[in-house]
Amino acid sequence: MARVKLTAARVRDFACEPGKAQAFLWDSEAVGLALRATAKGTRSYVFQASLRDGREFRLTIGKSRVWDISQAREEARRLQRLIDAGHDPREKKRATMDADRAAAEVRRQAAQRDGATVRETWDVYLEYLRTTISPKTKKPRSARYLADHEALASPGGEPRKRARKGTKTTAGPLAVLMPLRLTDLTAQRVAAWLEVETAQRPTNAAHAYRLLKAFIRWSAGQDDYAGIIGTDAWQSPKVTGLVPQSKAKPGGSLQREQLAAWFKAVRELDNPVASAYLQATLITGARREEMAALRWDDVDFRWGSLHLADKVESEGRLVPLSPYLASLLLDLKRRNDAPPNVRTLARIEARGEKWKPSPWVFSSPTAEDGRIAEPRFAHNRALAAAGLPHLTIHDLRRSFGTLAEWVECPVGIVAQIQGHAPSALAEKHYRRRPLDLLRLWHSKIEQWMLEQAGVDFKPEQAKPGLRAV
């Protein structure tokens, strides 16, 4: 093959002959260097040589508009020196490219680690909690547990669901930490945060610290975040010394002598749904939202049971449907299944809708989701009418646990009805109480409450065969 000295003019004027895919112009100054022109008009410098074992290869150096002739010659000489040393330039190139890619990936990960915020990592952590089981309980995390993580890190500003119209939620204790980078989550920063939050809301601050500690420990075990946050961020003495002691909120409880006034005022409420809800909460000791979320599908009048959602047991729990409570729910069922008057039906049909009974036991046509949303107002009116001190809805749950002691009900049965986690080894592993046993004691508790309240009720009134005429 003919060789010529490559010049700027020759490089500029060299072109591929018509009908051919490519053409080469070999340089006489550097062994193996050539200018390649293709049918599409591109011109590139290439290097061609033979290895010691006789194998030939060709490498592209670069386009002629990027590399000048002297650079192309120097690169060709470098490649030839590699061959003379017994190396394959292609392997060296691949190794260099792999090293460059690895270095770039290290730089990318370092930049990602340095720039990762607490909020971004917190969202990854929440997804992990949602999609895995707890190593402690071997069960999926409860909805309440996940909701606590979201609420304590919430920026606030959302309309409140159970408050006066126009009021908005406040930011959670962890919200101020969310914009920080993980590298900024130091012991000094966490201590400063705890000092402020403890002064404003100590119980929430203690809870938030425990969740933050679990988050930091989790991140230390993840390849993407390991080593970014120091362990002293949660276990430094300057941090742990500021963690407030968690204390249960002081709460009230109905006394035996107050039952008559309370039942009378609640039974006289003009809203039968709110009246039944408050009595059901006291009689079962259920949590506020457990009772509010009760559906008719969860009520079994035939076998006398209620299926309540539970923050401890993800599948919920089964509790007895005591006779008096069954009569209250039967009355609500009759009201719920009765069609509205003609005028109301006409308005519903005018909207292109069809009337059907509500799926909620404690329904509310004015509520956004169709069920009772704020029973506090009705309860406060009843307390005022009865002349009783202020009690929250949760205090009714406390009242059930307290008043049950008057009938000497076993503590384990009360805890099982209320949905408390077993507090002893025997309760956890050696007690399997059937619903009939729970119903026996639950009926005693309800009957005792009604006797103290002066409510005249006969169990026959709770038979599900009764229908409105």
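Scroll up to find the structure this text is about.
Just so we're clear, the structure is a prediction, and the values are computed from it rather than from any experiment.

### So, the sheet that holds strand β3 (residues 33-38)
Read across the sheet, five strands follow the order β1-β2-β3-β4-β5 without closing on themselves; strand pairing throughout is mixed. The open sheet has two edge strands, β1 (3-4) and β5 (56-63), and neither has a second partner. As paired strands, β3 and strand β4 (residues 43-50) are joined by five bridges and run antiparallel to one another. Each bridged residue has a counterpart across the sheet, and for Ala-34 the counterpart in β4 is Val-46. Sitting on the sheet, helix α2 (residues 69-84) is in contact with β2 (22-27), β3, β4 and β5, with an inclination near 20° to β4.

### Observations concerning the packing of aromatic side chains
Inspection of every chain in the model, using the stated rule, returns 14 aromatic pairs. For the ring pair Trp-218 and Tyr-225, a centre distance of 6.1 Å and an interplane angle of 40° mean the geometry is tilted. Neither residue differs from the other here; Trp-218 and Tyr-225 are each classed as buried. By the ring-pair criterion, three or more aromatic residues cluster together here, those being Trp-122, Tyr-125, Tyr-128, Phe-215, Trp-218 and Tyr-225. Arg-295 extends its terminal NZ or CZ atom over the ring of Trp-360, reaching a point 4.0 Å from the ring centre. When the ring centre of Trp-441 is taken as origin, the NZ or CZ atom of Lys-444, which lies over that ring, is 4.4 Å away.

### Brief notes about the pairing of strand β7 (residues 305-308)
It is a general feature of regular strands that their side chains alternate between the two faces of the sheet. Relative to β7, strand β6 (residues 299-300) is paired through two bridges, and the arrangement is antiparallel. Note on β7: the bridge partner recorded for Asp-300 is Ser-305. Turn length for the β6-β7 hairpin, with the two strands adjacent in sequence and antiparallel, is four residues, and the turn residue Gly-304 shows positive phi of about 65°. In the sheet, β7 pairs with strand β8 (residues 317-320) via four bridges, with the strands oriented antiparallel. Looking at β8, one finds that Ser-305 is bridged to Pro-320.

### Some thoughts on helix α17 (residues 411-418)
All buried positions along α17 are accounted for by Gly-412, Ile-413, Val-414, Ile-417 and Gln-418. Positive backbone phi, at 85°, marks Gly-419, one or two positions downstream of α17.

### Here's the deal with the packing of helix α16 (residues 393-403) against α17
Angle between the axes and distance between the axes are the two parameters that describe a pair of packed helices. As a packed pair, α16 and α17 sit with axes 10 Å apart at the nearest point and diverge in direction by 155°. Taken together, the axis directions place α16 and α17 in an arrangement best described as roughly antiparallel. Crossing of α16 against α17: the hand is right-handed. Contacts from Arg-397, Phe-400 and Gly-401 of α16 reach α17 at Val-414, Ile-417 and Gln-418. Here the residues of the contact of α16 with α17 sort into three nonpolar, two polar and one charged.

Basis of the calculations
Residues numbered from 1 in each chain as written. Predicted model: local features only at pLDDT ≥ 70, side-chain atom pairs only at ≥ 80, totals over all residues. Heavy atoms only, no water. Pairing = 2+ DSSP bridges. Helix = DSSP H or I, 4+ residues; strand = E, 2+ residues; numbered from the N terminus. Contact = heavy atoms within 4.5 Å. Axes fitted to C-alpha atoms, helices over the stretch in contact; angles between N-to-C directions. Phe/Tyr/Trp six-rings, centres within 6.5 Å; stacked < 30°, edge-to-face > 60°. Buried < 20%, exposed > 50% of the residue type's maximum accessible area, 1.4 Å probe, protein only. Lys NZ or Arg CZ within 6 Å of the ring centre and 35° of its normal. Parallel < 35°, antiparallel > 145°, perpendicular 65-115°, else oblique. Left-handed = near helix turned anticlockwise from the far one by under 90°. Nonpolar A, V, L, I, M, F, W, Y, C, P; charged D, E, K, R; others polar.

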